[in-house]
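# Report on the structure
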Amino acid sequence: MISLLWLIVGGVVGWLAALIMRDNNGVIVNIIVGIVGAFLGGLIMARGDINNSPLTIGSFAVSLLGAVILLGVVNFVRRGTVRN
């Protein structure tokens, strides 16, 4: 059940990051970017101490920030620009 929740939240975070960055990679890439971005955002904001914090507005915002940064880096590497 928790894995399904992570996929749903990751998909929403990835989708919102794609909207913010004006990018269209598809649902699967959005889920991957959302999950990896959430992990990276949590890693950066928690200074390397990842814990199983509950889903709050703050943790969602950190996840979204991580996904937006990750998507910007991916776009920069793939296209040479952050936005289209």
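Every value quoted in this text rests on a predicted model; they were computed, and no experiment measured them. (Residues numbered from 1 in each chain as written. Predicted model: local features only at pLDDT ≥ 70, side-chain atom pairs only at ≥ 80, totals over all residues. Heavy atoms only, no water.)

Our focus in this paragraph is the overall build of the chain. The secondary structure content of the chain amounts to three helices and zero strands. Sequence-ordered secondary structure for the chain, helices as α and strands as β, is α-α-α. A separation of at least 24 residues holds for 72% of the contacts in the chain among residues at least 6 apart in sequence. Looking at the chain as shown, the accessible area adds up to about 5700 Å², and 73% of this sits on carbon and sulfur atoms. (Helix = DSSP H or I, 4+ residues; strand = E, 2+ residues; numbered from the N terminus. Contact = heavy atoms within 4.5 Å. Areas by Shrake-Rupley, 256 points an atom, 1.4 Å probe, with all protein chains shown as cover.)

Right, let's talk about the nonpolar core for a bit. In terms of nonpolar packing, the biggest core is built from 11 residues, these being Val9, Val13, Ala17, Ala18, Met21, Val33, Leu64, Ala67, Val68, Leu70 and Leu71. At the level of secondary structure, the elements contributing two or more residues to this core comprise helix H1 (2-20) and helix H3 (57-79). Those residues within four positions of Leu71 in sequence are excluded, and the remaining contacts are Ala17, Ala18, Met21, Asp23, Asn25 and Val33. (Core = buried A, V, L, I, M, F, W, Y, C linked by side-chain atoms within 4.5 Å. Buried < 20%, exposed > 50% of the residue type's maximum accessible area, 1.4 Å probe, protein only.)

With 19 residues, helix H2 (residues 27-45) should cover 27 Å at 1.5 Å per step; its first-to-last C-alpha distance of 26 Å lies within 8% of that length. Inspection of H2 places Asn30, Val33, Gly34, Gly37, Ala38, Gly41 and Gly42 among the buried residues, and these make up the whole buried set. Buried residues of H2, viewed axially, fall in a sector of 155°; they line one side. (Expected span 1.5 Å × (residues − 1). Arc of directions from axis to C-beta.)

Turning to its location among the elements, Ser63 is positioned in helix H3. Accessibility expressed as a relative area gives 14% for Ser63, which makes it buried.

Okay, the packing of H2 against H3 next. Between H2 and H3, the shortest axis-to-axis distance is 7 Å and the interhelical angle comes to 110°. Compared by their axis directions, H2 and H3 come out roughly perpendicular. Considering only the axes of H2 and H3, their crossing is right-handed. Here Val33, Gly34, Val36, Gly37, Ala38, Leu40, Gly41, Gly42 and Met45 of H2 come into contact with H3, specifically with Val62, Ser63, Gly66, Ala67, Leu70 and Leu71. Of the residues in the contact of H2 with H3, the class split is nine nonpolar, six polar and no charged. (Axes fitted to C-alpha atoms, helices over the stretch in contact; angles between N-to-C directions. Parallel < 35°, antiparallel > 145°, perpendicular 65-115°, else oblique. Left-handed = near helix turned anticlockwise from the far one by under 90°. Nonpolar A, V, L, I, M, F, W, Y, C, P; charged D, E, K, R; others polar.)

Quick look at H3 now. Here H3 contains 23 residues, and its C-alpha end-to-end distance of 32 Å stays within 8% of the 33 Å for a straight helix at 1.5 Å per residue. The set of residues buried in H3 consists of Ser59, Val62, Ser63, Leu64, Gly66, Ala67, Val68, Leu70, Leu71, Gly72 and Asn75.

This paragraph deals with the environment of Val33. Inspection of the secondary structure assignment puts Val33 in helix H2. A sequence separation of 23 residues divides Val33 from Gly10, and the C-alpha atoms of the two residues are 7.5 Å apart. With sequence-adjacent residues up to four places away left out, Val33 is seen in contact with Ala38, Ala67, Leu70 and Leu71.

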